[in-house]
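# Descriptive analysis of the structure
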Amino acid sequence: MIFNYLLLAFRNIVRQRAYTIVNLFGLALGLAAALFILLYVKDELTFDTMHPNAANTYRMGYKVQFPNGNTEAQPYAPAGWDNYIKSNYGGIEGITSYVSWGMPTSVGYTAKERIILTEDIIWAEASITDIVYMPIVKGAAVNPLKEINSMILTESSAKELFGNDDPINKTVTVSHQATNGQNVEMIVTAVMKDLPSNSHINPKYILNILALKPFVQDLENILSTSMGDGNNGFWTQSYFVCNDPTKIETIKNDLQKRANEIIAKNKWDIKFTPVIRKITAIHFDKEMDWTIDHKMADISYMYVFITIALLILVVACINYINLSTAKSASRAREIGLRKTFGGIRPQLFFQFMMESFVLVLMAAVIALLLVVFFIPQFNQLTGKTFTFAHIFNGQMLLIIAGITVLVTILAGSYPALFVSGFQPAAVLKGKFAFGKGSTRFRQFLTTLQFAVAVTLLAGTVIIVRQMDLLKNSKLNEAGKQIVSIRYGGFNGQANDQQYLTFKNQLLSDPQIQDITLANHLPRLDYFGPINMQMQFPDINEDKHEWFQLNGDFDFPKTFGLELIAGRDFDSKNLADSMAVLLNEAALKVLKLSPEQAVGKTIVRPDYVMGYQAPDSTKAPITGIVIGVVKDFPYQSMRKKIEPLAISPKPHLFDRIIHVRLPAGKMQEKISSIEKIWKTNFPQYGFDYWFVDEEFGRMYENETKVANLTEKFSWLAILITCVGLYGLASFMSGQRTKEIGIRKSMGASSFQILLLLLWVFAKLLLLACLIALPIAYYLSSQWLSSFVYQTSLSVWVFGGVVGLVALITLITVGYESLKASLSNPIKALRHDG
């Protein structure tokens with residue numbers, strides 16, 4: 001019996017080729033989009049589950065509140081915390097920690113004279129392989145970091161550094177600021193697979209931390225005993241495994257008590273709070289970025305993506321339902337005959353459900369092929385590393401099977417009920433006609449499709465506009481032509497002279513006009529504070545804890561800052577080395593106009609900029625405000641622009657060379673700069689990036705969401721168009737005789753065209769009344785997380801409606817125009 005139903009289903013599918021193609025195309029696109037989204041969501045929701053005993057593994061960090069109300073959250077802990085926990089609490093099965101620094105490390109394979117500059121490197125305790133997933137494929141599988149000078153490479157880093165050579169037991173030189181610029185020889189003891197993209201820890205080089213013993217006094221003891229006090233402070237990224245979750249709160253309270261004792265002893269005016277998180281929960285932690293480089297996610301976006309997937313499936317199902325019920329008229333006589341010869345409704349219902357299942361199954365196969373074909377582009381879009389194994393594993397195959405069954409039920413149930421309910425007497429006498437109920441139901445479904453399309457498109461436009469606002473800020477616009485070169489860590493007066501030599505050599509190129517040595521910009525969340533205390537004795541005795549950017553005299557000019565009062569720094573004026581520029585936000589606090597602020601005295605402590613360690617033996621720095629610049633975002637636009645002072649004295653540690661390049665000659669000039677760099681600094685790698693790329697890092701999640709939403713919104717609209725085209729074709733055919741009569745009675749082709757288009761226009765208008773308030777509310781909620789927001793103007797939503805109307809006109813217009821131009825004589829002979 002089942003075989004007969006399948007055979008009938010295939011025959012009917014083949015017999016109605018055009019109808020089948022339209023339905024297959026819409027369903028396949030919808031299923032492929034849903035599979036892509038669910039693949040991404042599943043990957044995000046299973047972050048860090050690959051690590052051994054992930055469900056019981058915890059990380060430690062801290063939150064601190066400063067006297068001015070500013071807060072800081074960092075994923076570091078005193079190096080001795082993990083050992084303290086293991087020593088004082090039972091049931092702790094493992095501890096480990098590692099350190100990583102933002103500045104790149106030079107890794108060299110001297111035998112091939114190959115040097116690689118990388119930030120994907122950690123210095124870890126040997127126990128890290130017990131707690132973090134590290135699938136060894138070559139070398140020492142057990143305790144690969146046992147020896148002090150041992151290191152592990154990933155397959156990709158081994159290939160990059162050694163080429164086709166076997167890396168095991170090869171010597172590698174490592175140089176970093178932590179090694180005082182000296183080369184440390186390490187032995188490659190193991191090679192592991194690259195960690196999956198849904199691991200919060202993803203290094204390419206793992207080195208034994210004890211290799212730093214020559215450079216960190218009493219390192220082994222510090223790693224075991226440091227509790228974060230000033231004299232014995234060493235902070236690491238720390239993990240511990242605890243199988244009893246009820247102990248976590250007790251451990252946290254104990255660490256809080258120890259921290260409070262240290263704060264009281266040192267008389268620090270801060271509020272410090274230990275943070276402990278299960279590693280499977282840190283990816284969506286809103287309080288702290290545990291990856292340091294701003295790759296945390298917002299779980300609300302997962303709900304957004306799942307909703308988009310469901311909406312796309314609903315749109316695809318609506319296409320099928322509309323086309324199936326509309327096409328059912330051609331099978332009315334078949335149903336009548338089968339009922340006359342003893343067919344019962346359950347049998348007919350099952351047959352039509354079987355047809356739906358076969359069609360959905362075919363669409364699912366096509367969808368899988370589309371996913372396989374476009375997986376590289378999807379990886380590029382999402383920053384993931386999906387392979388065939390991610391698609392064809394047990395869980396995903398179950399998800400695919402479940403979606404296939406769900407779509408079959410959603411798409412097939414109503415058409416099967418509708419068609420199997422035909423009355424044989426009516427259809428065999430040729431009296432079959434669609435009732436108002438079925439017509440209104442199709443109109444309701446089409447309205448729902450329009451509402452989904454308008455909501456998704458409006459949301460996409462708002463997201464894209466907001467991202468454009470973020471990317472087109474003053475500093476970011478300038479950053480498209482500013483290349484940043486890492487210079488931090490080259491300390492000492494001689495290096496200031498080296499910088500000036502390098503700068504003058506670059507300026508010998510007439511096409512390079514602006515160069516500055518300044519802070520790393522923009523200020524990412526994990527860079528730490530650059531605030532210092534400032535006073536303006538000409539105004540009052542208030543003390544202000546404000547940010548200060550440090551650069552040389554050419555900083556404002558290089559970044560194109562806009563002066564609104566006063567003047568810029570002058571390198572020929574020695575007094576300007578103590579002077580500052582203020583931004584507009586600072587003037588609002590001081591309650592001064594730009595003109596009034598110029599000439600005011602400013603007093604600041606004499607200590608390392610951005611590192612709050614005042615020395616009472618040093619006299620404060622006294623200078624004057626020589627100018628005021630227009631506000632510009634120097635950190636994330638999720639934050640309001642804070643009061644800011646700009647000093648022409650470069651920071652002691654945070655030093656980046658910024659070079660403005662001529663448009664159209666970027667790569668040519670970068671190659672030229674690299675040659676000059678290697679002449680002046682042969683011992684250091686050439687590490688560069690563009691300022692606008694750094695802005696992109698701040699909005700990585702939003703950019704990813706914008707890209708995904710945009711692509712899938714257009715897919716939903718395309719699926720809607722497929723259904724509208726099929727429906728318009730059917731409706732034109734159904735109304736052929738009516739059109740012939742109207743034209744015989746004197747109606748023009750234009751009037752007929754308007755009549756046919758008005759059907760869809762009414763549905764679109766109704767859909768807009770539903771969709772636009774929803775889109776406005778959701779957009780407002782999303783934008784509320786940004787201090788600076790794009791406007792939700794009437795023109796934006798009007799443009800969305802206009803675009804959907806235009807797409808609808810193009811989609812249904814051809815069939816409607818063809819019907820309006822038809823010969824009325826042929827139309828009156830039409831059988832339909």
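Here the residue index of a chain counts from 1 through its sequence in written order. Reporting of local features is limited, given that this is a predicted model, to residues whose pLDDT is at least 70; pairs of side-chain atoms are given and counted only at 80 or more, and all residues count toward the totals for whole chains, interfaces and linings. With hydrogens and water excluded, all non-hydrogen atoms of the structure serve as input to the side-chain values.

## Some words on a nonpolar patch on the surface
Patches here: salt-bridge-free residues with over 30% relative accessible area, like charges joined within 9 Å, nonpolar side chains (Val, Leu, Ile, Met, Phe, Trp, Tyr) joined within 5 Å. All accessibility values rest on the Shrake-Rupley procedure with a 1.4 Å probe; residue burial counts only the protein chains present in the view. Each salt bridge in this description consists of a side-chain nitrogen of Lys or Arg and a carboxyl oxygen of Asp or Glu lying within 4 Å of one another. Side chains of L766, L769, I770, I774, Y777 and L778 sit close together on the surface and give an oily, nonpolar patch of about 600 Å² of accessible area. As for its placement among the helices and strands, L769 is situated in helix α24 (residues 749–783). Numbering of helices and strands runs from the N terminus, with a helix taken as a DSSP run of H or I at least four residues long and a strand as a DSSP run of E at least two residues long.

## Some points on the packing of helix α3 (residues 81–88) against helix α7 (residues 248–266)
Two numbers describe how α3 lies on α7: the axes approach to 12 Å, and their chain directions differ by 125 degrees. In terms of axis orientation, α3 runs oblique to α7. Considering how the two elements wind past one another, α3 and α7 form a crossing that is right-handed. For the pair formed by α3 and α7, the contact residues are W81, Y84 and I85 on the first element and I251, D254, L255 and R258 on the second. Only the stretch in contact is used when fitting a helix axis, every axis being a line fitted to C-alpha atoms; angles between N-to-C directions are given from 0 to 180 degrees. Any angle between 65 and 115 degrees counts as roughly perpendicular, while under 35 counts as roughly parallel, over 145 as roughly antiparallel, and the rest as oblique. Crossings are classed by handedness, with left-handed meaning an anticlockwise turn of the near helix from the far one by less than a right angle and right-handed meaning a clockwise turn. In what follows, a contact means two residues having at least one pair of non-hydrogen atoms within 4.5 Å.

## Observations concerning the packing of aromatic side chains
Two rings from Phe, Tyr or Trp (for Trp, the six-membered ring) form a pair when their centres sit within 6.5 Å of each other. Planes less than 30 degrees apart are called stacked, planes more than 60 degrees apart edge-to-face, and all others tilted. Following the criterion strictly, the structure yields 26 aromatic pairs and no others. Look at F502 and W677: their rings are 5.6 Å apart centre to centre, the planes differ by 85 degrees, and that puts the pair in the edge-to-face class. Residue F502 is located in helix α16 (residues 493–507), and its partner W677 is located in helix α20 (residues 666–680); the two are separated by 175 residues in the primary sequence. Exposure categories follow from relative accessible area, calculated using a 1.4 Å probe and restricted to protein chains: below 20% of the type maximum is buried, above 50% is exposed, and the middle band is partly exposed. Looking at W677, the relative accessible area reads 0%, which means it is buried.

## Some points on the side chain of T460
Relative to the helices and strands, T460 is located in helix α14 (residues 436–471). Under this definition, polar contacts are N or O atom pairs within 3.5 Å; protein pairs additionally need one hydrogen-donor-capable and one acceptor-capable atom, and for neighbouring residues in sequence, both atoms have to be side-chain atoms. Within polar-contact distance, the side chain of T460 engages the side chain of S713 at 2.8 Å. For T460, the contacting residues outside a window of four places in its chain are T709, E710 and S713.

## Some points on the nonpolar core
To form a nonpolar core, buried Ala, Val, Leu, Ile, Met, Phe, Trp, Tyr and Cys residues must be joined to one another through side-chain atoms within 4.5 Å. Core analysis: the biggest nonpolar cluster contains 85 residues, and F305, V407, I646 and F712 have the highest contact counts within it. Sequence-distant contacts of V407, defined by excluding residues within four places in its chain, comprise L27, L31, L313, C317, V360 and G412. Residues I121, A178, I209 and L210 belong to the second largest nonpolar core, which totals 31 residues.

## Here we look at α20
Under the 1.5 Å per step criterion, the end-to-end length of α20 is 21 Å for 15 residues, consistent within 8% with the ideal 21 Å. Taken residue by residue, α20 has M666, K669, I670, I673, I676, W677 and N680 as its buried positions. Buried positions in α20, seen along its axis, are confined to an arc of 125 degrees and lie on one side of it. Turned more than 90 degrees away from the buried face of α20 sit Q667, E668, K675 and T679, all of them exposed. Multiplying 1.5 Å by the helix residue count minus one yields the expected span of that helix. By construction, the arc corresponds to the directions joining the helix axis to the C-beta atoms.

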